[in-house]
Amino acid sequence: MEKNQIFEMTIEDMSEQGEGIGRVDGYTLFVKDAVIGDRIRGKAVKVKKTYGYGRLVEILEPSPFRVKPGCPVAAPCGGCQLQAMSYERQLAFKADKVRNHLVRIGGFQPETLPMEPIIGMEETAPYGNGEMADPTIRGPFRYRNKGQFPFGRSKDGRIIYGFYAGRTHSIIEAEDCLLGAPVNRKILETIRSFMEEYGIEPYEEEMHRGLVRHALIRVGYHTGQIMVCLVINGNNLPNSRRLAEELMKIEGMTSVSLNINREKTNVILGNKMVYLAGSPYITDRIGDLTYRISPQSFYQVNPVQTERLYGKALEFAGLTGQETVWDLYCGIGTISLFLAKRAKQVYGVEIVPAAIENARENAALNEISNVEFFVGKAEEVLPEWYENHEGASADVIVVDPPRKGCDETLLCTMVKMNPEKIVYVSCDSSTLARDLKYLCREGYRLERVQPVDMFPQGVHVETVAFLNAGREQN
Ligand code: SAH
């Protein structure tokens, strides 16, 4: 294969990033926007020794799994890698991904893997249809309670907002994201008009100048409360009062703030907050619990599937009311409080101080007193606790780490504490597989694996795994 060569091939597989994979005379090519089952014509754009990358030129025969994407910028925007594939096939893709990781990285036997069918989402729009580009489009859309929109300028000099294209940092203009709430558009337009009126510059990443970097928006699914946090490269925003006034006119607006991020970084939020109007948090519910959520706190993005995910975690924990439970990476205490209602004592650990502040408020708000929260790294707090508290033990440990998974120091302490049950909630099945391998080598038995689709149209998948110490067998 040579660069710029035109080729024809059938897409036989998909990469973890959702690219189509096929072979031409034994040479493997990855092609973005091609769906498994498509027969395509492509052009080689990057050629390496054993594999290369192609650009989709033409679909010669569409795959039976191919559907019309709902969003006009589905292909250039990096967010929805699977939008051109039927939802049923998306679910199969995700289940395969989890299974492959557990087998290849975790070393589990495919025949005996205790994996249950993936829990998918209904083909609905929980936040309402808004103005879908095409009303006939099916599939789960408009389910995200959170959006982070970068601001910039178009080539012709207009202020734009949207999403970063693929893995780059050039902004694809998207006035409306079909994963988010319809109200986002009104909020973003309000911010854009404000910037135009007062001559406020969007941030320019390369030059590290300009002011407005991102708008973070959250909409409480059950309460309709809205939070807007504008991330700026400066200590203040001129005329910010005017912006706050305009935003507060939008129905449901509850919290308007600035976040100061003057670093040259990909990380969206900085450390300092300035509250402009309303309250410093919004409130939302999951099941029968109420939560306060600050701009800096983590909160699951898909409210419909979150209930199912937490339901599974709780079911796996199998609490009777007598247990001591640790909830590591607890965020604002979402899972901790569910657990606390059925356990004797729960301890939560989380690295973001604002989240722990929320967690403590949330315990009080829900009148739950058998829970205690610690700020710090799970891999430091738990080992210290174990060292300093004689007889420190746990009946159940729940972990819900970010994509990089658990630190080995943490896994080591968990094993020493010898809980009967471990419930592992994971947003990256490759690190889940690695960590499960460690725990199973130390004597735990993998009893159940439950993938849950929290991110329809995208490639990520959430998984809850249940491990048992298997004491009855010893
Ligand atoms: N269980 C919570 C949050 C899960 S997201 C929920 O379901 O809402 C993962 C959380 O881990 C985030 O809140 C993040 O801030 C936190 N975190 C990241 N690294 C950490 C570490 N080393 N120790 C403790 N918490 C950490």
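Below: a short report on this structure. As the structure is a computational prediction, the values presented were derived from the model and not from experiment.

**Side note on a negative patch on the surface**
Reasoning step 1: On the surface, E380, E384, E387, D407, E408 and E442 cluster together to form a negatively charged patch.
Reasoning step 2: At three residues, helix α7 (residues 378-388) tops the list of elements feeding residues into the negative patch.

**Quick word on the nonpolar core**
Reasoning step 1: I191, L237, W326 and L328 are the most contacted members of the largest nonpolar core, which totals 133 residues.
Reasoning step 2: With seven residues, the single largest contributor to this core is helix α4 (residues 303-317).
Reasoning step 3: Counting contributing residues, this core receives three or more from each of domain 2 (94-121 + 302-469) and domain 3 (146-286).
Reasoning step 4: The contact partners of L237, leaving out residues within four places of it in the chain, are F194, I200, L211, V212, L230, I232, L243 and L258.
Reasoning step 5: Core analysis: the second largest hydrophobic core is formed by 18 residues, M14, I40, A84 and F93 among them.

**Describing the environment of V57**
Reasoning step 1: Position of V57 relative to the elements: it lies in strand β6 (residues 51-61).
Reasoning step 2: Overall, V57 belongs to the partly exposed group, its relative accessible area being 43%.
Reasoning step 3: Sequence separation between V57 and K43 is 14 residues; the distance between their C-alpha atoms is 6.6 Å.
Reasoning step 4: The residues contacting V57, other than those within four sequence positions of it, are R41, G42 and K43.

**Focus: the sheet that holds strand β4 (residues 27-31)**
Reasoning step 1: Spatial strand order, β1-β5-β6-β4-β3-β2: six strands in an open sheet with mixed pairing. The sheet is open, and its two edges are formed by β1 (6-10) and β2 (13-14), each paired on a single side.
Reasoning step 2: As judged from the five bridges shared by strand β3 (residues 20-24) and β4, these two strands associate in the antiparallel manner. The residue bridging G20 from the neighbouring strand is V31, located in β4.

**A few points about the site of the ligand**
Reasoning step 1: Taken together, 16 residues surround the ligand, and among them Y310, T334, E350, A378 and D400 come closest.
Reasoning step 2: Between Y310 and the ligand, the recorded distance is 2.5 Å, taken from a side-chain N or O atom to an oxygen atom.
Reasoning step 3: In the model, a nitrogen atom of the ligand is placed 2.8 Å from a nitrogen or oxygen of the A378 main chain.
Reasoning step 4: With the chains in place, 90% of the 570 Å² that the ligand exposes on its own is no longer accessible.

**Quick notes on the sheet that holds strand β16 (residues 324-328)**
Reasoning step 1: Taken together, the seven strands give an open sheet; going across it, the order is β18-β17-β16-β19-β20-β22-β21, and neighbouring strands pair in mixed fashion. Two strands lie at the open edges of the sheet, namely β18 (371-375) and β21 (445-452), each paired on one side alone. Averaged over all adjacent pairs, the angle separating strand axes in this sheet is 15°, with direction ignored.
Reasoning step 2: Two strands pair when backbone bridges link them, and strand β17 (residues 345-350) and β18 are joined in this way by five bridges, in the parallel orientation. Residue pairing in the sheet places G348 in a bridge with F373 of β18.

**Focus: helix α2 (residues 183-198)**
Reasoning step 1: Its 16 residues place the ends of α2 23 Å apart at the C-alpha level, agreeing with the 22 Å of an ideal helix rising 1.5 Å per residue.
Reasoning step 2: By the burial criterion, the buried members of α2 are N184, I187, L188, T190, I191, R192, F194 and M195.
Reasoning step 3: Just downstream of α2 lies G199, where phi reads positive at about 60°.

Cut-offs applied
- Residues numbered from 1 in each chain as written.
- Predicted model: local features only at pLDDT ≥ 70, side-chain atom pairs only at ≥ 80, totals over all residues.
- Heavy atoms only, no water.
- Patch = residues over 30% accessible without salt bridge, like charges linked within 9 Å, V, L, I, M, F, W, Y side chains within 5 Å.
- Areas by Shrake-Rupley, 256 points an atom, 1.4 Å probe, with all protein chains shown as cover.
- Salt bridge = Lys/Arg side-chain N within 4 Å of Asp/Glu carboxyl O.
- Lys, Arg positive; Asp, Glu negative; His and termini not counted.
- Charge placed at Lys NZ, Arg CZ, Asp CG, Glu CD.
- Helix = DSSP H or I, 4+ residues; strand = E, 2+ residues; numbered from the N terminus.
- Core = buried A, V, L, I, M, F, W, Y, C linked by side-chain atoms within 4.5 Å.
- Buried < 20%, exposed > 50% of the residue type's maximum accessible area, 1.4 Å probe, protein only.
- Domains from an automatic or database assignment.
- Contact = heavy atoms within 4.5 Å.
- Pairing = 2+ DSSP bridges.
- Near = heavy atom within 4 Å.
- Polar contact = N/O pair within 3.5 Å; in protein donor to acceptor, adjacent residues only side chain to side chain.
- Axes fitted to C-alpha atoms, helices over the stretch in contact; angles between N-to-C directions.
- Expected span 1.5 Å × (residues − 1).

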